[in-house]
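Architecture at a glance
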Amino acid sequence: MSSSVLTSRDLAPPLLRGALTLSGSVPLRVYAAGAVVFVFLLAAVAPELLQTHSAFKVDLNATLQPPSLAHLFGTDQAGRDLYSRVVKGAGQSLTIGVGATVLSMTLAILLGVTAGLSGRLVDGAISRLLDTLFAFPTLFLALLFVTVFGTTVTTQIVAVGIGTAPGYARMIRGQVLAVRGAPYVEAAKALGHPFGRIVRQHIFPNAMRPLVAMLTLGVGQAIIWASGLAFLGLGVAPPSPEWGALLDAGRNYIARAWWLEVMPGLAIVTFALSVTVIGRHLQDRLEGKVQAS
């Protein structure tokens, strides 16, 4: 006669057991992060659904009011509703983050894959270039580009993309070299498969596997870098509600109106943290699949 031990999961109703199983495979923090990212995406695509006031309407009778039911995040020096401006600014901030990350990854793939697949001469030349660029801080490269070409959304995308590309390129090069020396690649070579086929079917897909997580992590980092540029006065020009521009505009009033810095800063940190949680989860799942295989 066999005996079994009943657990709380077994005693739970079927619907609850399903929820427990689902939360066991995907941590609840990932669902929470996904919900937060969805809200930010909604703000970027359709800000009017979340705004309570006009993001640009000036009201000199309501300047620098603290957070209240009338103005959830308070008002700025021109009496504009800060919550509505943060919501409206999500579009520009996420555009900069996604655009800079896509540009950075594109440059990184071109350089990293070329270096990893080429001979010693080309690999050495690209590696020295990456080492030279990597010696300069990301913010310095971005500052240099913005100073030369001006402060617009496009220049911020290009500046942050170029500034973050060297680090990603080095990682991709390392991935390509690691996959290139894998046993299954050596076996394909021994079977006489053409080099182009080996690259398409084996090297490139496996080397690019971590890019899904890297793209997710890169968006949050790009927004932080762009906000840093804006805080230094090299961001999108006012009255833009881009998050970094809001930080730059509010720093002169931080002693009188703390919310001008705290609220946009919370938006930046919350979004960056949420995409980082999702990116780390994707990275763990991908690494688990690689180890399992």
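Residues numbered from 1 in each chain as written. Predicted model: local features only at pLDDT ≥ 70, side-chain atom pairs only at ≥ 80, totals over all residues. Heavy atoms only, no water.

**Some details on the overall build of the protein**
Helix and strand counts for the protein stand at twelve helices and zero strands. Ordering the α and β elements of the protein from the N terminus gives α-α-α-α-α-α-α-α-α-α-α-α. Each of the 293 residues in the protein was classed as buried or not, and the buried ones make up 40%. In the protein, the share of contacts with a sequence separation of at least 24, taken over all contacts with a separation of at least 6, comes to 69%. (Helix = DSSP H or I, 4+ residues; strand = E, 2+ residues; numbered from the N terminus. Buried < 20%, exposed > 50% of the residue type's maximum accessible area, 1.4 Å probe, protein only. Contact = heavy atoms within 4.5 Å.)

**Considerations on the nonpolar core**
With 25 residues, the main nonpolar core has Leu 82, Val 86, Ile 223, Trp 243, Trp 259, Leu 260 and Phe 271 as its most contacted residues. Of the residues forming this core, the biggest block, eight residues, is contributed by helix 12 (residues 259-292). Other than its neighbours up to four places away in sequence, Phe 271 contacts Val 37, Phe 40, Leu 94, Val 219, Ile 223 and Trp 243. Core analysis: the next-biggest nonpolar cluster, separate from the first, contains 22 residues, Met 105, Tyr 168, Ala 169 and Ile 198 among them. (Core = buried A, V, L, I, M, F, W, Y, C linked by side-chain atoms within 4.5 Å.)

**Quick notes on the packing of aromatic side chains**
Under the defined criterion, the tally for this structure stands at six aromatic pairs. A centroid spacing of 5.4 Å and a plane angle of 80° characterise the contact between Phe 40 and Phe 271, whose relative ring orientation is edge-to-face. One end of the pair, Phe 40, is in helix 3 (residues 28-45); the other, Phe 271, is in helix 12, and 231 residues separate them in sequence. On the basis of relative accessible area, Phe 40 is assigned to the buried category, the value being 13%. Every member of this aromatic cluster is reached through a ring pair, and the members are Phe 40, Trp 243 and Phe 271. (Phe/Tyr/Trp six-rings, centres within 6.5 Å; stacked < 30°, edge-to-face > 60°.)

**Looking at helix 6 (residues 138-149)**
A rise of 1.5 Å per residue sets the reference length of helix 6, with its twelve residues, at 16 Å; its end C-alpha atoms lie 17 Å apart and thus fit the reference within 8%. Within helix 6, the full set of buried residues consists of Leu 141, Ala 142, Phe 145 and Val 146. Looking straight down helix 6, one finds that the buried residues subtend no more than 125° of arc, so they occupy a single side. Exposed residues on helix 6 whose side chains face more than 90 degrees from its buried face are Thr 147 and Val 148. Structurally, helix 6 contributes buried residues whose contacts are with helix 5 (120-135), helix 7 (153-180) and helix 10 (211-231). Of the residues flanking the end of helix 6, it is Gly 150, one or two places downstream, whose phi is positive at about 100°. (Expected span 1.5 Å × (residues − 1). Arc of directions from axis to C-beta.)

**Some details on the environment of Gly 116**
Mapping Gly 116 onto the fold places it in helix 4 (residues 82-117). A sequence separation of 64 residues divides Gly 116 from Arg 180, and the C-alpha atoms of the two residues are 8.2 Å apart. Discounting chain neighbours no more than four positions away, the residues touching Gly 116 are Arg 173, Val 176, Leu 177 and Arg 180.

**Overview of helix 11 (residues 243-250)**
Of all eight residues that make up helix 11, six are buried, and the element is covered over most of its length. All buried positions along helix 11 are accounted for by Trp 243, Gly 244, Ala 245, Leu 246, Leu 247 and Gly 250. Backbone nitrogen of Gly 244 and a side-chain oxygen of the N-cap are separated by 3.1 Å at the start of helix 11; the cap is Glu 242. (Polar contact = N/O pair within 3.5 Å; in protein donor to acceptor, adjacent residues only side chain to side chain.)

**Describing the side chain of Thr 75**
You can see Thr 75 is positioned in the loop between helix 3 and helix 4. Overall, Thr 75 belongs to the buried group, its relative accessible area being 0%. A polar contact is formed between the side chain of Thr 75 and the backbone oxygen of Ala 62, at a distance of 2.6 Å. Aside from chain neighbours lying at most four places away, what touches Thr 75 is Ala 62, Thr 63, Leu 64, Gln 65, Arg 80, Asp 81, Leu 82, Trp 259 and Leu 260.

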